[in-house]
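Next come the chains, spelled out residue by residue.
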Amino acid sequence: MSTIFDLELRVQPEHIDVLGHVNNVMYIQWMQDVAAAHIETLGLGLAQYLELKHAMVAVEHHVQYRKAALEGEHIILRTWLDDINALYSFRQYAFYRPKDQSVLFMGNTKWACIEIETGRPKRMSPSFTQAYQPISPDLNPMDFSISYRQSE
């Protein structure tokens with residue numbers, strides 16, 4: 001069973017758009033970054049994908065921008081797995097600003113398992129299904145008083 005995973009970062013000047021806040025596309029990049037960091041801690045990252053000859057790829061994102069993030073702010077990128085079947089895993093995201101206890105962003109991604117060589121869908125191997133288990137229903141991923149932090 002996997003757990004909740006936090007990645008802490010500071011908003012950099014290159015994250016900011018002409019309106020003075022984090023550019024919308026950065027949140028999508030951060031979804032990818034925190035998911036990649038999480039799967040590495042689960043022991044099934046890029047090196048294992050290449051070895052197993054199959055990988056998980058994003059096929060669908062849903063995003064909700066709630067509040068703006070500004071340069072220099074400290075934010076927490078939180079992710080967790082919430083469902084899995086033979087072909088897909090489902091990942092949730094909540095990006096949080098501790099300074100004012102604000103949720104800045106919510107999102108989710110549907111990930112599909114593919115054969116790397118052909119790009120065709122593939123049933124997940126036991127390595128994948130064991131590593132990518134949903135979090136326990138006893139955990140509340142929206143409880144930011146509990147830290148699952150990793151530093152970037």
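Scroll up to find the structure this text is about.
Structure report, in brief.

Conventions used here
- Residues numbered from 1 in each chain as written.
- Predicted model: local features only at pLDDT ≥ 70, side-chain atom pairs only at ≥ 80, totals over all residues.
- Heavy atoms only, no water.
- 1 Å grid on protein atoms, 1.4 Å probe; cavity = no way out; pocket = protein on both sides within 12 Å on 5 of 7 lines; lining within 4 Å.
- Points joined across faces, edges and corners; volume = space filled by probe spheres on them.
- Nonpolar A, V, L, I, M, F, W, Y, C, P; charged D, E, K, R; others polar.
- Buried < 20%, exposed > 50% of the residue type's maximum accessible area, 1.4 Å probe, protein only.
- Helix = DSSP H or I, 4+ residues; strand = E, 2+ residues; numbered from the N terminus.
- Pairing = 2+ DSSP bridges.
- Expected span 1.5 Å × (residues − 1).
- Polar contact = N/O pair within 3.5 Å; in protein donor to acceptor, adjacent residues only side chain to side chain.
- Patch = residues over 30% accessible without salt bridge, like charges linked within 9 Å, V, L, I, M, F, W, Y side chains within 5 Å.
- Areas by Shrake-Rupley, 256 points an atom, 1.4 Å probe, with all protein chains shown as cover.
- Salt bridge = Lys/Arg side-chain N within 4 Å of Asp/Glu carboxyl O.

Focus: empty space enclosed by the protein
The tally for this structure, following the rule as stated, stands at one cavity of 30 Å³ or more. As a volume, the largest cavity reaches approximately 40 Å³. D6, I76, R78, Y96, F144, I146, S147 and R149 are the residues that line the largest cavity. Taken together, the residues of the lining of the largest cavity break down into four nonpolar, one polar and three charged.

Describing the pairing of strand β3 (residues 74-84)
Along β3, eight of the eleven residues are buried, which leaves the element largely enclosed by surrounding structure. Here six bridges tie strand β1 (residues 5-10) to β3, and the two strands are oriented antiparallel to one another. Bridge assignment links L9 to a residue of β3, and that residue is I75. Judged from the eight bridges that link them, β3 and strand β4 (residues 88-97) form a sheet pairing that is antiparallel. Bridge pairing links D83 to F90 in β4. Adjacent in sequence and paired antiparallel, β3 and β4 are bridged by three residues.

Details of the layout of surface pockets
Taken as a whole, the largest pocket holds about 190 Å³ of empty space. In terms of lining residues, the largest pocket is bounded by 14 residues, among which A35, A36, I39, Y49 and W111 are the most central. If you list the elements that add at least two residues to the lining of the largest pocket, you get α1 (24-41), α2 (46-52) and β4. It is α1 that provides the largest number of residues to the lining of the largest pocket, a total of five residues. Across the lining of the largest pocket, the residue classes tally to nine nonpolar, three polar and two charged.

Concerning α1
Within an α-helix, residues lying three or four positions from one another point in the same direction, as the helix has 3.6 residues per turn. For α1, spanning 18 residues, the distance from its first C-alpha to its last is 27 Å, which sits close to the expected 26 Å at 1.5 Å a residue. Burial in α1 covers these residues: M26, Y27, W30, M31, V34, A35, H38 and I39. Where α1 begins, the side chain of N23 points an oxygen toward the backbone nitrogen of V25, at a separation of 2.9 Å. A positive phi of about 80° marks G43, the residue just after α1.

Considering a nonpolar patch on the surface
On the surface, L46, L50 and I116 cluster together into a nonpolar patch covering about 280 Å² of accessible area. Turning to its location among the elements, L50 is positioned in helix α2. Under the relative-accessibility criterion, L50 is labelled exposed at 53%.

A closer look at the pattern of salt bridges
The tally for this structure, following the rule as stated, stands at five salt bridges. Beyond isolated ion pairs, a larger network of salt bridges with shared partners links E73, R97, K99 and D100.

Comments concerning unusual backbone geometry
One non-glycine residue, K53, lies in positive phi territory at about 70°. In this fold, K53 is placed in the loop between α2 and β2 (54-65). Given the relative accessible area of 57%, K53 is considered exposed. A positive phi angle, near 55°, is found at Q101, a position not held by glycine. On the secondary structure map, Q101 appears in the loop between β4 and β5 (102-115).

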